[in-house]
Amino acid sequence: MNSKTEYDVVIVGAGIAGAIVAYELGKAGKKVLILEAGPAVPADRSKYMDTFFKAAAKTPESPYPPATQNAVANSLDNPLGLPDPSTENTPRYTVLQVDAWRKPTQCYFDYPPQDANVSGTSLNAKFAFASSYERIGGGTTWHWLGTCLRLLPQDFELKTLYGQGVDWPGGEQFYQDLVPFYEKADQEINVAGDKQRMQRLYEQFGVDPSGTYGAHYDFPMPGIVPALQDRVYEHATLGMKYEGNEVYVSPTPQGRNSRPGERRQCAGNTNCIPICPIQAKYDATVTLARALQTGNVEIRYQHVASNIQLDSTTQQVCAIDYISYTHANGIATGQGSVTGKRFVLAAHAIETPKLLLMSNKNPGFENGVANSSDQVGRNLMDHIMYLGWGLAEKPIYPYRGPLSTGGIESLRDGDFRKQRSAYRIEIGNEGWQWAANDPGTTLADFIFGQNNSQLNGNSVNQQGQELRLDDNLPANSKLFGQQLVQTLNQAYTRQLRLGYLIEQLPDANNRVELSSTLKDNLGLPRPKVTYRLASDYERKAFVSAKQITTELFTQLGATEYTQDPGEPNLSNAEDASATKFQYQDDSGTLHNFKFYGAGHIVGTYRMGDDPATSVLNHRQQSWDHANLYMVGSGVFPTIGTGNPTLTIAALAFQGAGHILDDLAGA
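None of these values were measured; they are calculated from a predicted model. (Residues numbered from 1 in each chain as written. Predicted model: local features only at pLDDT ≥ 70, side-chain atom pairs only at ≥ 80, totals over all residues. Heavy atoms only, no water.)

## What about the overall build of the protein chain?
Move 1: Along the protein chain, the regular secondary structure elements total 13 helices and 23 strands.
Move 2: Along the longest, intermediate and shortest principal axes, the C-alpha atoms of the protein chain span 80 × 60 × 50 Å.
Move 3: Counting the 666 residues in the protein chain, one finds 63% classified as buried.
Move 4: Long-range pairs, those at least 24 residues apart, make up 72% of the contacts in the protein chain with a sequence separation of at least 6.
Move 5: A gap of 4 Å separates the mean positions of the 56 positive and 69 negative side-chain charges of the protein chain. (Helix = DSSP H or I, 4+ residues; strand = E, 2+ residues; numbered from the N terminus. Buried < 20%, exposed > 50% of the residue type's maximum accessible area, 1.4 Å probe, protein only. Contact = heavy atoms within 4.5 Å. Lys, Arg positive; Asp, Glu negative; His and termini not counted. Charge placed at Lys NZ, Arg CZ, Asp CG, Glu CD.)

## Focus on the sheet that holds strand S11 (residues 332-338)
Move 1: Read across the sheet, three strands follow the order S9-S10-S11 without closing on themselves; strand pairing throughout is antiparallel. Strands with a single pairing partner mark the edges of an open sheet, and in this sheet they are strand S9 (303-310) and S11. On average, each strand axis in the sheet is tilted by 20° relative to the strand beside it, whichever way the strands run.
Move 2: Pairing geometry for strand S10 (residues 317-325) and S11, over six bridges, is antiparallel. Bridge pairing in S11 links Ile320 to Val338. (Pairing = 2+ DSSP bridges. Axes fitted to C-alpha atoms, helices over the stretch in contact; angles between N-to-C directions.)

## Some details on the packing of helix H6 (residues 228-236) against helix H12 (residues 536-556)
Move 1: Running from N to C, H6 and H12 point in directions that differ by 95°, and their axes come no closer than 9 Å. When the interaxial angle is binned, H6 and H12 end up roughly perpendicular. Taken together, the residues of H12 that come into contact with H6 (itself represented by Val232, Tyr233 and Ala236) are Phe553, Gln555 and Leu556.
Move 2: Residues belonging to the contact of H6 with H12 are distributed by class as follows: five nonpolar, one polar and no charged. (Parallel < 35°, antiparallel > 145°, perpendicular 65-115°, else oblique. Nonpolar A, V, L, I, M, F, W, Y, C, P; charged D, E, K, R; others polar.)

## A closer look at the side chain of His348
Move 1: Among the secondary structure elements, His348 is positioned in helix H8 (residues 348-358).
Move 2: Setting aside chain neighbours within four positions, we find His348 in contact with Tyr133, Thr140, Pro353, Ile601, Tyr605 and Ser633.

## What to know about helix H13 (residues 645-665)
Move 1: Along its 21 residues, H13 runs 30 Å from first to last C-alpha, staying within 8% of the 30 Å computed at 1.5 Å per residue.
Move 2: Of all 21 residues that make up H13, 16 are buried, and the element is covered over most of its length. (Expected span 1.5 Å × (residues − 1).)

## Some details on unusual backbone geometry
Move 1: With an omega of -10°, the peptide bond running from Pro65 to Pro66 counts as cis.
Move 2: Turning to its location among the elements, Pro66 is positioned in the loop between helix H2 (46-54) and helix H3 (158-162).
Move 3: With an omega of 10°, the peptide bond between Asp438 and Pro439 qualifies as cis.
Move 4: The phi dihedral of Glu243 falls on the positive side, at around 50°, and the residue is not glycine.

## What about the packing of aromatic side chains?
Move 1: Counted under the stated rule, the structure contains 34 aromatic pairs.
Move 2: Ring centres 5.7 Å apart and planes at 80° place the aromatic pair Tyr213 and Tyr217 in the edge-to-face group.
Move 3: Its relative accessible area of 9% is what places Tyr217 among the buried residues.
Move 4: One aromatic cluster is present, built from ring pairs that chain together Phe127, Phe129, Tyr386, Tyr423, Tyr500, Tyr531, Phe542, Phe581, Phe593 and Phe595.
Move 5: For the cation-ring pair, Lys27 lies above Tyr23, with the distance from its terminal atom to the ring centre recorded as 4.5 Å.
Move 6: Above the ring of Phe52, the side-chain terminus of Lys58 is found at 5.2 Å from the ring centroid. (Phe/Tyr/Trp six-rings, centres within 6.5 Å; stacked < 30°, edge-to-face > 60°. Lys NZ or Arg CZ within 6 Å of the ring centre and 35° of its normal.)

## Things to note about the packing of helix H4 (residues 172-189) against H13
Move 1: At a closest axis distance of 8 Å, the pairing of H4 and H13 adopts a crossing angle of 105°. Taken together, the axis directions place H4 and H13 in an arrangement best described as roughly perpendicular. Residues Phe174, Asp177, Leu178, Phe181, Tyr182, Lys184, Ala185, Asp186, Glu188 and Ile189 of H4 touch H13, and the partners they reach there are Leu646, Thr647, Ala649, Ala650, Leu651, Phe653 and Gln654.
Move 2: Broken down by class, the residue content of the contact of H4 with H13 amounts to 11 nonpolar, two polar and four charged.

## Re the sheet that holds strand S12 (residues 340-345)
Move 1: Strand order in this open sheet of five strands is S8-S2-S1-S12-S23, and the pairing throughout is parallel. In the strand order of this sheet, the two ends are held by strand S8 (297-300) and strand S23 (628-630), each with one partner. Adjacent strand axes in the sheet meet at a mean angle of 20°, parallel and antiparallel pairs treated alike.
Move 2: As paired strands, strand S1 (residues 7-12) and S12 are joined by five bridges and run parallel to one another. Following the sheet pairing, Val9 is matched in S12 by Arg342.

## Some points on the side chain of Asn190
Move 1: Of note, Asn190 is situated in the loop between H4 and strand S3 (192-193).
Move 2: Leave out the neighbours within four places in its chain, and Asn190 touches Pro220, Met221, Gln254, Arg256, Asn257 and Arg263.

## Re the pairing of strand S20 (residues 580-584)
Move 1: Where S20 lies against strand S21 (residues 590-594), five bridges are found, and the strand directions are antiparallel. The partner of Phe581 across the bridge, within S21, is Phe593.
Move 2: Between S20 and the antiparallel strand that follows it, S21, lie five residues; Gly588 among them carries a positive phi value of about 95°.

## Describing the pattern of salt bridges
When their charged atoms lie close together, side chains carrying opposite charge are able to pair.
Move 1: Applying the stated criterion to the full structure yields 28 salt bridges.
Move 2: A salt bridge links Lys126 to Asp115, with the nearest nitrogen and oxygen atoms 3.2 Å apart. Of this pair, Lys126 sits in the loop between H2 and H3 while Asp115 sits in the loop between H2 and H3, and the two are 11 residues apart along the sequence.
Move 3: Owing to a relative accessible area of 35%, Asp115 belongs among the partly exposed residues under this scheme.
Move 4: Among the salt bridges present, the one from Arg300 reaches Glu298, with a minimum N-O distance of 3.1 Å.
Move 5: On the basis of relative accessibility, which here comes to 19%, the residue Arg300 falls in the buried class.
Move 6: Connected through shared salt-bridge partners, Asp155, Asp413, Arg417 and Glu503 make up one network. (Salt bridge = Lys/Arg side-chain N within 4 Å of Asp/Glu carboxyl O.)

Such coordinate-based values are descriptive only and should not be taken to indicate function.
This is how it looks when you write it as C-alpha cells:
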C-alpha cells in the first residue's frame, strides 16, 4: 500500500483487540491502516530479554521500552531511577509508579489530592491505581499471564440477579451471542485446556441447561500439566464447602502451547510475566503478523493519535490526527491526518478515553468525541487483589512451570453477590515472588540477618503461630555456604501463594480525565486518574478472602505468613499509602488491607442499552458517531469474575463482524 491508498478502516492501537479486528478485516479484503504509538515489534525478543535480565526490579513492564528504571541517575528520592514521563513520547503507567503516585516527575498519572479528614474506612478515600499496561506493538499481551477463562452468564446480568452494578446490553443473551466468538478466540489464541474438568464448573453454575457450551466447544490443545501444589490443594479441599459452594480446583485454560505447534511448547520458565522467552505463550504479535500477511493491512509505528476530527455537517468521524517521532525522547518529527470509512479505537482503557477527551475542538462536542453522555473515562475498574501466602508442610517445588496452572473457580457466583463481590482464586506457582519479592527477600534476610520475610526472627502470624523457619537457628541469623543453601531450600521449595481476583463495581467517580498541568514530551496531556473503593461491597470480599485463606492453609496443614499491612497514611505527603485501606466488619473487628492490581484495566467507554448512561451500543459502536467503533476492555459494563483477555478477544471478533456488515451496507 502507498500514500494514495484509500483505507476502509483506520485502527488506533496494535494490541490484541486492534490486531484481531485488523486480521478479520484484512482477510475480508478491506484496506486497513493501524496507528501504533509505540515502537515496532522486534524481529526477535532477545533485546527485551536482555533488558529484563539486567533490570533490578523484575516488574511486568521491565523488559519493554521505554525504560522503566535506570532511566535517570539514581537518588535517595528515586532509588531505581524511574524516568520522568514529561520527557517521554509514549509514557505509560508501571507498577513501580504505584508507590510513587504523589511524585509527578516519576508517575505518569496525575492524581487529585486527598480530601481532608479521611480515614482508612472512608469510602471517599482516594488511592493509586494498581495496574499497568504497555504502549508497544502487541500491547499488554507481552506480559499477560495467559489465563483464558470465559465470563459466566451471571456476570452479564449482575443488576438483574443481585441488584448490583449494571447489566450488559441484553443481559444473559449477550453471553449467548458471544459464545461463538469465545470459540473463535480459543482457536486464535490456541488455548490449552481440559474440557471435561471445565464442564464441572459450567454444570455447577448452570451455564447452559442443555449441557452444550458452544457448537464446537473444546480446546485446541490439551491442558497444561498441573503444578504439584494444584494436586495438594485438590486433596486438601475434598468435601470442603464455603458459603454453600463446593470448593475444588479447576485446571486453568491457558494461552500457551502444551504441545509443539505454530509456536514452541511451554518449557516452564516461570517468567510468563513479564516475558515468555520462547513465545510458547500467545501474545498479540502472532495475530498482528497474520493481519499483515493478508496484504491488506498496513501499520505505522511511532505514530501517536492526538485528535479525532468530526465532519461539521454529519458529525461522523472524518479523520484522525497523529504526531510521529523517531526517538523515544526526541522531538516530534512529523504530523498529519489519516482518513477512512470506519474508525476503530483499540488503545486500551486509559489511552482510548484520553484520546476521546483530547478531541474537544469539534463544535457540539466540546467535552470530547463520543461523549454526549459524559460517560467517557468513567467507571474505571480492576480486579482488586488480595494476596495470601504461607509455607507448606512438605516441598511443593514452586518456581517451575507457568506462573499459575490452576485455580478455585467454584466460588465465582452465588447468592452472596447481593452482599459482597465474588472472586476467583488463582493458585500461584511463583512462590512468594509477588507476595514478598522473593527469592531476593529471603536471601537477603539470611545473609544480612534481617527478618523481612518473617522466616528469620521472632515473628508470630495472625493465628498466633511462631514463624521462624528453623528453631535451631537464633533469630536474625547470618548464614553462608552450605548452611545458607540448605536453609534457603527449606523455604523456597515450600512457598504457597493465593491470589483473589475481586470484582469491582462500576463507579462513575472512578475516572480518567485530562491533567490540566502535566504533559508528555509531545505536549499531550497526561491522564488524571481518580480511584476509590467506594463501597463496602468490595471490602466485604476482602474479609471473606482473608477468612478462606486461613481455612485453606489449615486444610493443607500449612503455616500462614500473610502479613498485616498496617494502618494506612491517607495524607497528601509523598510517602502517603498508595493501596492500603481498612474495613470494620459486623463484629466490630477493624481489618487492615493492601490491594494489588490484576492488570485488568476495564470500563471507561462502556457499552449499554441507554445513550444517556453509556458510550457505545451493544455493537461496540458509538451512540454519537455511527462510523466510530471501540474495542478492548474499556467496553465492559462490569468486570465479571474471569480474567478479561479471552472476552476482549471474543468481543473483537464480534465487533469486526459488525464493521464488515456496515461496510457491506455502505
